[in-house]
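Coordinates in review
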Amino acid sequence: MKNKAILALIAAGALTLAGCGSGSTTETAPSEAAAAPVELFELTVAHANPSCIIFFPAYVADTQGYFEEEGLKVEIQGLNGSGSVLQAMAAGQAQIGSPGGAPTILANAAGQDVRYIASTAPGGLFQLVVPEASGITDASGLAGGVIGIATADGNEKNVAASILNAAGVTDFDTLVVGEGATALAGFERGDIDAYAASLDTVAYIENGGLPLTNVTGTATAYLFGNGLAANGEFIDANPEIVKAFLRAMERAVEASLADFELVMGGCEKYSPQEAEDRGLSESLFNAIKDSLVSPDGDKWGLNRVDYWEKIKADLITAGEDVDAVDVSTIFTNDLLP
């Protein structure tokens, strides 16, 4: 914008001087120095949840112009679960996505080259919860129980297994019950004894009138939430683009944590139905925002190899064939701001 303003002033000055010439009839030719429109690099980002609130930084980065200032034009797609995100990335429909750590390891074990470029929810986005009326106070009380999950191939399935295994529980079943109202209905019908819930769903269920008890415990504090990943081929070919994207995202996180109105601005554009109930939206935001800050005091986006190793170990315990995966190769900290 500054360059365009300078060019405009130069052009105006030239016309003024030409007009002051005595009897001048010379016409001014169009300036060959006129600035050409800046061509933005187009990116598609696939999020593992259609909610604007749970992945608000990308929406804020777009509506506040942070992406454009980095030379990017970003299309955001809200999908349903890590499996859907990884499929979109494998098909070339998205260059960047937000899968969970365990699904990312499984994808690499299956031959997909997808790498974490930032761990953006180091505080974890999931909890294992039970109705307060059940009287259960920790995960060990769920032996033989049915655990509700949102999707069959989402990160919450692996999170639930890790939490239960840490509590010594190996005999349990899972049942796909969706999110929000359908998850609440699963509790009300007695279909499930517990739910592996994203933080927004916990807030939604409690807002629906069912008090919950968090039985996650501290043994699985290494279970970070969904972060940002990109196709390996895209990272190798466009490292500066990835850096620009991450700069905009970090800026959006910092600005949003200090100003909830920015989050509302993003949701009003992308998910107006969420913005209608401001009270619920603010409750969801407050439930999620602490997960974006590292409990270890790490800088924004940092991946910890020891946490990745623990998630891999959980997958092996659960019977997944991931022994050959070297987790140090499926993330990079080199592109962080």
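Residues numbered from 1 in each chain as written. Predicted model: local features only at pLDDT ≥ 70, side-chain atom pairs only at ≥ 80, totals over all residues. Heavy atoms only, no water.

Here strand β3 (residues 96-97) runs beside strand β10 (residues 228-231); their pairing, made up of two bridges, is antiparallel. Pairing of G97 across the sheet is with A229, part of β10. Summarising the sheet, strand β4 (residues 114-118) and β10 pair through four bridges and their orientation is antiparallel. Across the sheet, A118 pairs through a bridge with L228, a residue of β10. (Pairing = 2+ DSSP bridges. Helix = DSSP H or I, 4+ residues; strand = E, 2+ residues; numbered from the N terminus.)

Once that is clear, we can look at empty space enclosed by the protein. A probe as big as a water molecule, rolled over the atoms, marks out the empty space that is left. Per the counting criterion, the structure on display carries two cavities of 30 Å³ or more. For the largest cavity, the calculated volume is near 170 Å³. Lining the largest cavity are 20 residues, with A48, N49, F126, E156 and E179 sitting closest to its centre. For the lining of the largest cavity, the elements supplying multiple residues, two or more each, are α6 (155-166) and β8 (194-198). With four residues, β8 is the single largest residue contributor to the lining of the largest cavity. When the residues that make up the lining of the largest cavity are grouped by side-chain class, the tally is nine nonpolar, nine polar and two charged. In this structure, the second largest cavity occupies an estimated 140 Å³ of space. Lining the second largest cavity are 15 residues; nearest its centre among them are F55, P57, T120, M249 and L292. Contributions of two or more residues to the lining of the second largest cavity are made by α2 (56-63) and α10 (239-258). By residue number, the principal contributor to the lining of the second largest cavity is α2, which donates three residues. (1 Å grid on protein atoms, 1.4 Å probe; cavity = no way out; pocket = protein on both sides within 12 Å on 5 of 7 lines; lining within 4 Å. Points joined across faces, edges and corners; volume = space filled by probe spheres on them. Nonpolar A, V, L, I, M, F, W, Y, C, P; charged D, E, K, R; others polar.)

Looking now at the pairing of strand β1 (residues 41-47). Most of β1 is tucked away, with five of its seven residues classed as buried. Judged from the seven bridges that link them, β1 and strand β2 (residues 72-78) form a sheet pairing that is parallel. Within β2, the residue paired with L43 across the bridge is V74. In the sheet, β1 pairs with β3 via two bridges, with the strands oriented parallel. In the sheet register, V45 faces β3, and the bridge partner there is I96. (Buried < 20%, exposed > 50% of the residue type's maximum accessible area, 1.4 Å probe, protein only.)

Let's shift gears to the pattern of salt bridges. The tally for this structure, following the rule as stated, stands at ten salt bridges. We note a salt bridge from R115 to D113, for which the minimum N-O separation is 3.1 Å. Look at R115 and you get buried, because its relative accessible area is 17%. R304 serves as the salt-bridge partner of D296, at 3.6 Å between the closest nitrogen and oxygen. Residue classification places R304 among the partly exposed residues on the basis of a relative accessible area of 26%. Connected via shared salt-bridge partners are D113, R115 and D236. (Salt bridge = Lys/Arg side-chain N within 4 Å of Asp/Glu carboxyl O.)

Once that is clear, we can look at the side chain of T104. Positionally, T104 belongs in helix α5 (residues 101-109). In this view, T104 contacts L86, P99, V114, Y116 and W308; residues no more than four positions away in its chain are not counted. (Contact = heavy atoms within 4.5 Å.)

This is a description of form; function is not addressed.
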